[in-house]
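# Chains, contacts and geometry: an overview
Chain by chain, the residues:
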2 protein chains.
Amino acid sequence: MRLSQFHLHTVKETPAEAEVVSHKLMLKAGMIRKLAAGLYTWSPLGLRVLRKVETAVREEMNAAGAMELLMPTVQPKELWEETGRWQKFGGQLLKIKDRKEAEYCYGPTAEEVITDYARNELSSYKQLPVNFYNVQWKFRDEIRPRFGVMRAREFLMKDAYSFHVDDESLAAEYRNMYDTYGRIFTRLGLKFRAVFADTGAIGGTASHEFHVLADSGEDALAFSSESDYAANVELAEALPPGPRPAAAEAMRRIDTPTQKTCEDVAALMGIPLQRTVKSVALMGVDAEGQPQFVLALVRGDHVVNEIKLAKLAGLGEYRLATEGEIDTHLGSEPGFLGPVNPKQKLRIVADRSVAAMADFVVGANEKGVHLAGVNWGRDLPEPDDVADIRNVVEGDPSPDGKGTLGFARGIEVGHVFALGRRYSEAMQCTVLDSSGKPVMPAMGCYGIGVSRIVAAAIEQNHDANGIIWPEAMAPWRVAVCVINPKNDTNVATAAEALYRELNAAGIDTVLDDRGLRPGAMFADIELIGIPHRVVVSERGLAAGSFEYRHRRASEAESLDRAALLARLGAA
Amino acid sequence: MRLSQFHLHTVKETPAEAEVVSHKLMLKAGMIRKLAAGLYTWSPLGLRVLRKVETAVREEMNAAGAMELLMPTVQPKELWEETGRWQKFGGQLLKIKDRKEAEYCYGPTAEEVITDYARNELSSYKQLPVNFYNVQWKFRDEIRPRFGVMRAREFLMKDAYSFHVDDESLAAEYRNMYDTYGRIFTRLGLKFRAVFADTGAIGGTASHEFHVLADSGEDALAFSSESDYAANVELAEALPPGPRPAAAEAMRRIDTPTQKTCEDVAALMGIPLQRTVKSVALMGVDAEGQPQFVLALVRGDHVVNEIKLAKLAGLGEYRLATEGEIDTHLGSEPGFLGPVNPKQKLRIVADRSVAAMADFVVGANEKGVHLAGVNWGRDLPEPDDVADIRNVVEGDPSPDGKGTLGFARGIEVGHVFALGRRYSEAMQCTVLDSSGKPVMPAMGCYGIGVSRIVAAAIEQNHDANGIIWPEAMAPWRVAVCVINPKNDTNVATAAEALYRELNAAGIDTVLDDRGLRPGAMFADIELIGIPHRVVVSERGLAAGSFEYRHRRASEAESLDRAALLARLGAA
């Protein structure tokens, strides 16, 4: 492609509407243009990148034995009523009435449609296992669409659905897809992690999310320094610490007139934050269903994990206690509360780290006072519950026993689910097994946000000058830039020859023959993220060399023709 | 691809829901499955064909210099209000409200979106001409969706839109697209015609439709035997005949007691139908806007063309005259009316063929009587209007003066329009011309029904056994069929080797290793329309030969390996 014949439309100003860097850079590079809230037109430049992602996904899915088909974007209400999701899916489901008042939705996912397809197409175990996928536009009517194509309403998704006569077969395909996703993101040149996940609204029994790692990611991930363990921070288990040391101090009162937080108390006392204990007052229910006052205790440097807490008996729908309730049960005001000497019987839920502490510091249930040298069994009863109720922190041991946990932020771009039989049961999808008996197939589903990957890749790969595409996603791998193409036919001829030679060698190359000043031309080529830049100039030709620069390199280098071709992989 | 690992699902029964052969065969071959009215899932087999069409269209569009981008399927109401089409488009426009009650439609076409894109992206004549296209799903909410993907509601369309600083540039791109469409349909192996067309609802100044020729086509086409002239029958001009001969007969009364049609009268008299004249009584308006009784005359073997008639002064909104009006003006009842001796003054509009007749036969305005030997100027005044008001018939001279007209039926699969400035004016899209003055660009638009082509190709290419794909559209070009793959490892090995060799040579080949009986296997391969079939059997291998049959051949032939590879283009 010659840029003089291509619609490239970069923008100098940083668009005010964009909040995240990928959105800003996609607008500045002219990859997308907003049509309406959450709806984007992909320009010729943007589409080149989108198609490269789509192709990589398709080729790896095919190689993994999945079969591509294509489902309509518009789906009939009737199927969604069979699974109960017409109501349950919520406001993200874009509902449509046709001219005859028949109801449809713009598919946000396609479990219903594929299960309907399967119950008509599949009749025998001999047709299983099978994995159908499509790459199709989806719509989710986000309340607040934002971040460009990262959270657009209309987005391109690869969704795959597998059918199995038994759970073993599903487990094998789940592993196959897990491995395939790894190959896809590796091929795209992205740093990523597969993490354990909650199964959420789609339901099912096993699930992993695939995250592109980026500092700007919405999700906090914890991963092992020595294994491939990874999980959402909120779901990672904090392993139990070693045994509780013996008590060494006597309990004593500390005046803390204005110190209401563990940080302030530790600073005042000159002790590590790890010696303090934070008390969080909650209201749950007891075994009889009556309201129960609960004090949850975590170490001063830890954070209570609401998901873990809510898994404990009586705390499924807990809420924070009011000041009145705190006063009633503890005789304290917030900032000074603690588990020692409450006014009334209460339930104490201690994180495993807290249960293993000795000589710790807590609030005294008295304004302006804390207690130090507190010990379990001596100064207060042993806790009613000991459980993992905190978020993991960096440096915690990895739950799989290998290495310690590090943290990263991620952007979810893929998800694999072992669905089980939820959809086949709801929609009465059966096949005959080898003994002629009708059985409901187990299902898996496997999604990749194709258009979202484009934005995620930019979040991971950019600098102050613009995008830095991984090779496999770049609109072109190489840009051949011509200085003064019109003034010097030698330069134009040499550039044209190099451009043709590289493309003939299978290296996707663009010729920048627009005749811009070098500064403006280089700024564009950097902004749109071309990995390799070659400058053809009169001075270089005279010296028999080309100026080469990798997008991540700080300096250009002078290479002769052979060295250049070798560097670009064309020789 | 090995069929044992592919989801092929052919059906023996002819589906009752299908009215046309392409719909029947696509269902029987398992290419599509109905999801809801006018919504179809494309199976893995169907999608292979759809993608081949899409790829051919894309490659030819790129080669023609058009630039692919991608617009959302959902479009905001505001843009459609700028052009007035939110109201005018009618019931086919699928309107959508999102969760915030904002209004959208599922795009049935994209003039508004691309013009909005252009007014933001294009600012200078230097960026023109430019031709943007996309291949995207569209929706038209047909009252009666039918014929499968031929008239589905959700369908895949390639739509291109060009922008030009002047009309000459538009004319050049129009010609470029016209030629490109010819290359696309030729490459797809389809018999087609480009025909002059009315510009219809989209509006504009010049337009051609591209039709795939098929006996089952909805549109009747007239084309020249010697040139590339072609037009919808209704639009083709009937050229004026030679000069009127001199009168040779006296006018006389013929008793026609029960003969009310030209056919019956000609049969009674033993004369050619071409000697009779049909009189059609109409009500139009005169120059003062008053109701005017009009007698339109065409030759007995001709048919009145309503479109042509309505272009005459006073007949823009004509209607047929009532029996009362006929009696008032002619004193006749239907079946015997004619232009001679009316009761009142009337307007006579004669087709050019009729104006050139002598000694003709017409109704006598008297029950049971016709007049023969009638002549203009002698027995009745010369006609008030002489015009082309009839449909052309086969054998008429071609309007371009070259050869005679033949008829064919066609299925519209493409359309090119020179739109002019209708959309750029309505949406205030301007660019600066070379003198720095803002001008509204002239536009062209160019559509191809990608999914419809699949059905149209089948209408043109099928037999009693199923589909006969043109090479470029076939899901696979060659099927290698293995007899008893499990019983005989030599046969399986030889078939596998041939299958690999053909694919390695770039010939898209499928291996039928399902182990079906030969009859069932061959029936499937014929039904799904694979152009070349090769049978690998023990007996053939012993004789060093393969059984080869082209889908259109009546007999199989025995070919040795070299001859087979040569025949398939692999050697």
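Use the structure listed above.
Residues numbered from 1 in each chain as written. Chains lettered and ligands numbered in written order. Predicted model: local features only at pLDDT ≥ 70, side-chain atom pairs only at ≥ 80, totals over all residues. Heavy atoms only, no water.

### Quick word on the sheet that holds strand S6 (residues 103-106) of chain B
Residue and element names in this part refer to chain B. One open sheet holds the three strands; their spatial order is S4-S6-S5, and the pairing between them is antiparallel. In this open sheet, the two strands that pair with only one neighbour each are strand S4 (74-76) and strand S5 (94-97). When the angles between neighbouring strand axes are averaged without regard to direction, this sheet yields 40°. Pairing between S5 and S6: four bridges, direction antiparallel. By the bridge assignment for S6, Leu94 is matched with Tyr106. (Pairing = 2+ DSSP bridges. Helix = DSSP H or I, 4+ residues; strand = E, 2+ residues; numbered from the N terminus. Axes fitted to C-alpha atoms, helices over the stretch in contact; angles between N-to-C directions.)

### A closer look at the packing of aromatic side chains
Residue and element names in this part refer to chain A. As enumerated under the stated definition, the model contains 25 aromatic pairs over all chains in all. Summarising the aromatic geometry, the rings of Tyr106 and Phe139 are spaced 5.4 Å apart at their centres and angled 50° between planes, so their arrangement reads as tilted. With Tyr106 in strand S6 (residues 103-106) and Phe139 in strand S7 (residues 130-139), this pair connects stretches of sequence that are 33 residues apart. When sorted by exposure, Tyr106 lands in the same class as Phe139, which is buried. (Phe/Tyr/Trp six-rings, centres within 6.5 Å; stacked < 30°, edge-to-face > 60°. Buried < 20%, exposed > 50% of the residue type's maximum accessible area, 1.4 Å probe, protein only.)

### Regarding helix H14 (residues 518-527) of chain B
Residue and element names in this part refer to chain B. Buried within H14 we find Met521, Phe522, Asp524, Ile525, Glu526 and Leu527. Those residues of H14 that are buried are in contact with helix H1 (21-28), strand S26 (466-467), strand S27 (478-482), strand S28 (509-512), strand S29 (532-536) and strand S30 (546-550). Phi turns positive one or two residues past the end of H14, at Gly529, with a value near 80°. (Contact = heavy atoms within 4.5 Å.)

### Notes on unusual backbone geometry
All names here are of chain A. Each neighbour pair has its own omega, and for Leu128 with Pro129 the value is -10°, a cis peptide bond. Here Pro129 lies in the loop between helix H5 (111-121) and S7. Positive phi is not limited to glycine here, since Asp359 has a value of about 55°. By the element assignment, Asp359 lies in the loop between helix H10 (352-355) and strand S18 (360-366). A relative accessible area of 9% means that Asp359 is categorised as buried.

### As for the packing of helix H2 (residues 44-63) of chain A against helix H6 (residues 167-187) of chain A
Residue and element names in this part refer to chain A. For the pair H2 and H6, the least separation of the axes is 10 Å and the interaxial angle reads 145°. The interaxial crossing formed by H2 with H6 has right-handed handedness. Seen from H2, the contacting residues are Ala56, Val57, Glu59, Glu60 and Met61; seen from H6, they are Met177, Thr180, Tyr181, Arg183, Ile184 and Arg187. Grouping the amino acids of the contact of H2 with H6 by side-chain chemistry returns six nonpolar, one polar and four charged. (Left-handed = near helix turned anticlockwise from the far one by under 90°. Nonpolar A, V, L, I, M, F, W, Y, C, P; charged D, E, K, R; others polar.)

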